[in-house]
Amino acid sequence: MLGVINIEVLVITTAIRIINLEAIVFEEEILVIGAEIITIGKIILAVNKYSTIGREYIQLRTKIRKRNLILHSSFFVPIKTTKEKIELILNANGLNFVRMGHEGEEYKFLIDTGATISIIFDKFVDKSKINTSNCVTIKGITGLVKALGTANIALQIADVCIQHEFTVMNQVDADIHGIIGSDFLQKYLTVIDYEKFALFLNINAETVMLPIETNHNHFTILPPRCEYTKYFNVSTNDDLVVLANEICEGVFVARTLVRPIDGKIPVKILNTREETINLNNFTPSIDNLSNYTVCRFKENDEISVNRVDKVLELIKTEHLTKDEKFSLQRVCSKYADLFQLEDDPLTVTNVYQESIQLKPSTTPVYIKPYRLPQSQKEEIHSQIQTMLDNDIIEDTKSPWSSPLLLVPKKSEQEGKKKWRVVIDYRQLNKQIEDDKFPLPNICEILDSLSGAMYFTHLDLFQGYYQVELEEKSRKYTAFTTDRGQYQMKRLPMGLKISPSSFSRVMTIAMSGLTYDKCFVYLDDLIVFGNNLINHNKNLTKVLQRLREVNLKLNPYKCEFLKKELFYLGHIITPDGILPDPAKVKAVKEYPLPKDADGARRFVALANYYRRYIKNFADIASPLNYL
């Protein structure tokens, strides 16, 4: 025996945690002694050449060279040993790796703290995205290898998106997509926690945990209070049932349906205890799915799948990057039921019912129907039938009646002009008590949005019609057509109390989320975030609340992950709030007022943008005196 040398080791090898090893050098072999395993052979594992081991490491390296042995990182293992040398290849079996998403697929990376760069293999990179101007030469155990270039790769960790520049190498015979090196670990201030067996990354001032996994079927380390996905080899391609089981006290296997991929199945293991659990020689109990009676709900499944597909088709994503689009589609798929599709019945919210309060000594208001063009009657009949089908109106016999109108909508879709049925409630409004509930302050909303990076505009589908009108108030809303008399079952458009009532509904519905995660102005919701992660968390909470209060969205009008958004007559950007150029043009081209009323209207128009005009009050004061 030549000597005993203490070596500080910072990497993880052979699926065990090793901090300080003793490398015992013999005449013919080197033994590396770890916590629970001994590796014997003419090779030393897990030496990090960048660790501080000083003279003792140099002495050991000299002795190894004298014996024509090879010193290498933990991810290279011997496959052939001769008296002259040891030949090595990259082998992922039994080593430690992490999983991250990329464009909807799962990528597996080895962790190598001894590698100065991170590597991804060319098979998994779009060739057009490889920067061939930066072809470094890498020194490996078999000599010098020239890289193909570099590529900026987007990765997904849970709901977190990150970018990193990888060196692109030719594919090797290994069941991995690449290697995570020290450049990646340093960039995200990564902490390798051997107790929890996980990487902790600092991303945008938030700590993200990435579990470390191993391919060892017989050895599993479970961090405390953690759910862990473990892959096991199986010898069948049939669909399987993983049976629920309590492996030991407080450690459970989830009952799941799995389909083997490349001879492996995922198994969910939950450790509810406060300490790390080592599972030795654990194999899950499985059964073939063919042994079970499978109840297939084809119709419901088809509706569910088709609904998600339809919603994702309607959502505008042309302006998004692949990562932004992928993260948005994940969220919208989960909440596809919130988007009102063409054949969906329009439901009502469960948080509020509106009532109409009349002034004292009021008599019924009955106004004869207006005479409408024959060309509009087909459209009126169609919309009345749709409102009946959606339970928005009902037949009635009421002493109250207001006339009906057909007005064009502002927006046009696919070149076809759209119309809206409205009721002229001007005479009824004179008999209704005011509803005092303030609308949100537009200036406060705009000021609070400054500094955000992403904006999403959610538009409620026919927002007023999602608020139920109490039964005793419905008779006041009656109107007459050439086919009968109807009354509203939902909050009508045109009532003077409707804006205040709807503002009250939205204030109740979004209580606890406004000013922190979103802003609400009538049926328009703005979700914001200072980065993609923060925005998607806020969006998820807003959509979850909309589901709870049963409010539906218009997928045609919703705008997601915008960096510039038109809202309330302004353009919202990460750099600040800008006025709408169209309205600025209207102010500039306003005709010269010819009387006091004209001057008053001009001042009222210009007043909307007074925040952008220095000394506006002084400038406008001569006009106010007129």
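Computed from a prediction, not measured in an experiment: that's the story for all the values here.

1. Quick look at the overall build of the protein chain
Thought 1: Summing up its helical and strand segments, the protein chain has 12 helices and 43 strands in all.
Thought 2: Per-residue burial over the protein chain gives 46% buried out of 626 residues.
Thought 3: Restricting to contacts in the protein chain with at least 6 residues of sequence separation, those with at least 24 account for 64%.

2. So, the sheet that holds strand β23 (residues 240–242)
Thought 1: On the basis of which strands lie adjacent, the open sheet formed by 3 strands has the order β26-β23-β29 and antiparallel pairing. Across the chains shown, the open sheet's two edge strands, defined by having one partner strand only, are β26 (256–258) and β29 (286–288). When strand polarity is set aside, the average angle formed by the axes of neighbouring strands in this sheet is 30°.
Thought 2: Inspection of the sheet shows β23 paired to β26 by 3 bridges, in the antiparallel sense. The residue bridging L240 from the neighbouring strand is V258, located in β26.

3. With respect to the nonpolar core
Thought 1: Among the nonpolar cores identified, the biggest contains 39 residues, and L458, M510, L525, V542, L543, L546 and F560 are the most heavily contacted of them.
Thought 2: When contributions to this core are tallied by element, the ones reaching two or more residues are α4 (322–334), β34 (454–459), α8 (498–509), β38 (518–521), β39 (524–529), α9 (532–549) and β40 (559–562).
Thought 3: If you tally residues by element for this core, the top one is α9, at 6 residues.

4. Things to note about the environment of R307
Thought 1: With respect to the helices, strands and loops of the structure, R307 is situated in helix α3 (residues 298–314).
Thought 2: Taking the relative accessible area as the measure of exposure, R307 reaches 18% and is therefore buried.
Thought 3: Expressed as a C-alpha distance, the spacing of R307 and A336, which sit 29 residues apart in the sequence, is 6.8 Å.
Thought 4: Here R307 is in contact with A336, D337, F339, L341 and D344, once residues within four sequence places are set aside.
Thought 5: Among the polar contacts listed, one links the side chain of R307 to the backbone oxygen of A336, at a separation of 3.1 Å.

5. Details of α4
Thought 1: Helix length check: α4 (13 residues) gives 19 Å between terminal C-alpha atoms against 18 Å at 1.5 Å per residue, within 8%.
Thought 2: Looking only at α4, the buried set comprises D323, E324, S327, L328, V331 and C332. End-on, the buried residues of α4 take up no more than an arc of 160°, which puts them together on one face.

6. So, the sheet that holds strand β24 (residues 245–248)
Thought 1: The 4 strands are arranged β22-β27-β25-β24 in an open sheet whose pairing can be described as antiparallel. The sheet is open, and its two edges are formed by β22 (226–233) and β24, each paired on a single side. Ignoring which end each strand starts from, the neighbouring axes of this sheet average 30° apart.
Thought 2: Relative to strand β25 (residues 251–253), β24 is paired through 3 bridges, and the arrangement is antiparallel. Residue pairing in the sheet places C248 in a bridge with V251 of β25.

7. Here we look at the pattern of salt bridges
Two side chains with opposite charge may pair up if their charged atoms get near one another.
Thought 1: This model, assessed by the stated rule, comprises 18 salt bridges.
Thought 2: In this structure, D516 engages K517 in a salt bridge whose closest nitrogen and oxygen atoms are separated by 2.7 Å.
Thought 3: Salt bridges sharing common partners tie together D391, E394, E468, R474 and K489.

8. Structural notes on the environment of Q163
Thought 1: Counting through the fold element by element, Q163 comes out in strand β15 (residues 160–169).
Thought 2: Residue classification places Q163 among the partly exposed residues on the basis of a relative accessible area of 36%.
Thought 3: Distance in space between the C-alpha atoms of Q163 and I153 is 5.7 Å, their sequence separation being 10 residues.
Thought 4: Ignoring any residue separated from it by four or fewer positions in sequence, one finds Q163 in contact with N152, I153, A154, K187, Y188 and D323.
Thought 5: A distance of 3.2 Å separates polar atoms of two side chains, one belonging to Q163 and the other to N152.
Thought 6: Among the polar contacts listed, one links the side chain of Q163 to the side chain of D323, at a separation of 3.2 Å.

9. Quick look at a positive patch on the surface
Thought 1: Judged by side-chain charge, K409, K418, R420 and K557 come together as a positively charged surface patch.
Thought 2: Summarising the element assignment, K409 is placed in the loop between β32 (404–408) and β33 (419–423).
Thought 3: Of the residues examined, K409 reaches a relative accessible area of 32% and is grouped as partly exposed.

10. What to know about the packing of aromatic side chains
Thought 1: Inspection of every chain in the model, using the stated rule, returns 10 aromatic pairs.
Thought 2: Centre to centre, the rings of F479 and Y486 are 5.9 Å apart; their planes meet at 35°, and the pair counts as tilted. For the pair F479 and Y486, a shared accessibility class is recorded, and that class is buried.
Thought 3: Members of the aromatic cluster, joined through ring pairs, are Y107, F109, F124 and F166.
Thought 4: Lying over the aromatic face of F97, K108 brings its terminal NZ or CZ to 4.6 Å of the ring centre.

11. A closer look at the packing of α4 against α9
Thought 1: Interaxial distance between α4 and α9 falls to 10 Å at its minimum, and their mutual angle equals 15°. Taken as axis vectors, α4 and α9 run roughly parallel relative to one another. In the packing of α4 onto α9, the handedness of the crossing is right-handed. Seen from α4, the contacting residues are E324, S327, L328, V331 and K334; seen from α9, they are L532, N536, L539, T540, L543 and R547.
Thought 2: Along the lines of polarity and charge, the residues of the contact of α4 with α9 split into 5 nonpolar, 3 polar and 3 charged.

12. Comments concerning the state of the cysteines
Thought 1: For the structure shown, the criterion picks out 0 disulfides.
Thought 2: Unpaired in this structure, C558 has its nearest cysteine sulfur neighbour in C332, at a distance of 8.3 Å.
Thought 3: A relative accessible area of 1% places C558 in the buried class.

13. Here's the deal with the confidence of the model for the protein chain
Thought 1: Residues at a pLDDT of 70 or more form 75% of the protein chain, whose mean pLDDT is 75.
Thought 2: Least confident of the elements in the protein chain is strand β7 (residues 76–81), whose mean pLDDT is 29; most confident is strand β35 (residues 468–469), at 94.
Thought 3: Across residues 1–94, confidence stays below pLDDT 50; counting only partners more than four residues off in sequence or on other chains, it has 196 contacts.
Thought 4: Under a pLDDT of 50 for its full length, residues 297–303 has, in the predicted model, 0 contacts with residues more than four places off or in other chains.

Criteria and cut-off values
Residues numbered from 1 in each chain as written. Predicted model: local features only at pLDDT ≥ 70, side-chain atom pairs only at ≥ 80, totals over all residues. Heavy atoms only, no water. Helix = DSSP H or I, 4+ residues; strand = E, 2+ residues; numbered from the N terminus. Buried < 20%, exposed > 50% of the residue type's maximum accessible area, 1.4 Å probe, protein only. Contact = heavy atoms within 4.5 Å. Pairing = 2+ DSSP bridges. Axes fitted to C-alpha atoms, helices over the stretch in contact; angles between N-to-C directions. Core = buried A, V, L, I, M, F, W, Y, C linked by side-chain atoms within 4.5 Å. Polar contact = N/O pair within 3.5 Å; in protein donor to acceptor, adjacent residues only side chain to side chain. Expected span 1.5 Å × (residues − 1). Arc of directions from axis to C-beta. Salt bridge = Lys/Arg side-chain N within 4 Å of Asp/Glu carboxyl O. Patch = residues over 30% accessible without salt bridge, like charges linked within 9 Å, V, L, I, M, F, W, Y side chains within 5 Å. Areas by Shrake-Rupley, 256 points an atom, 1.4 Å probe, with all protein chains shown as cover. Lys, Arg positive; Asp, Glu negative; His and termini not counted. Charge placed at Lys NZ, Arg CZ, Asp CG, Glu CD. Phe/Tyr/Trp six-rings, centres within 6.5 Å; stacked < 30°, edge-to-face > 60°. Lys NZ or Arg CZ within 6 Å of the ring centre and 35° of its normal. Parallel < 35°, antiparallel > 145°, perpendicular 65-115°, else oblique. Left-handed = near helix turned anticlockwise from the far one by under 90°. Nonpolar A, V, L, I, M, F, W, Y, C, P; charged D, E, K, R; others polar. Disulfide = S-S within 2.5 Å. pLDDT = per-residue confidence, 0-100.

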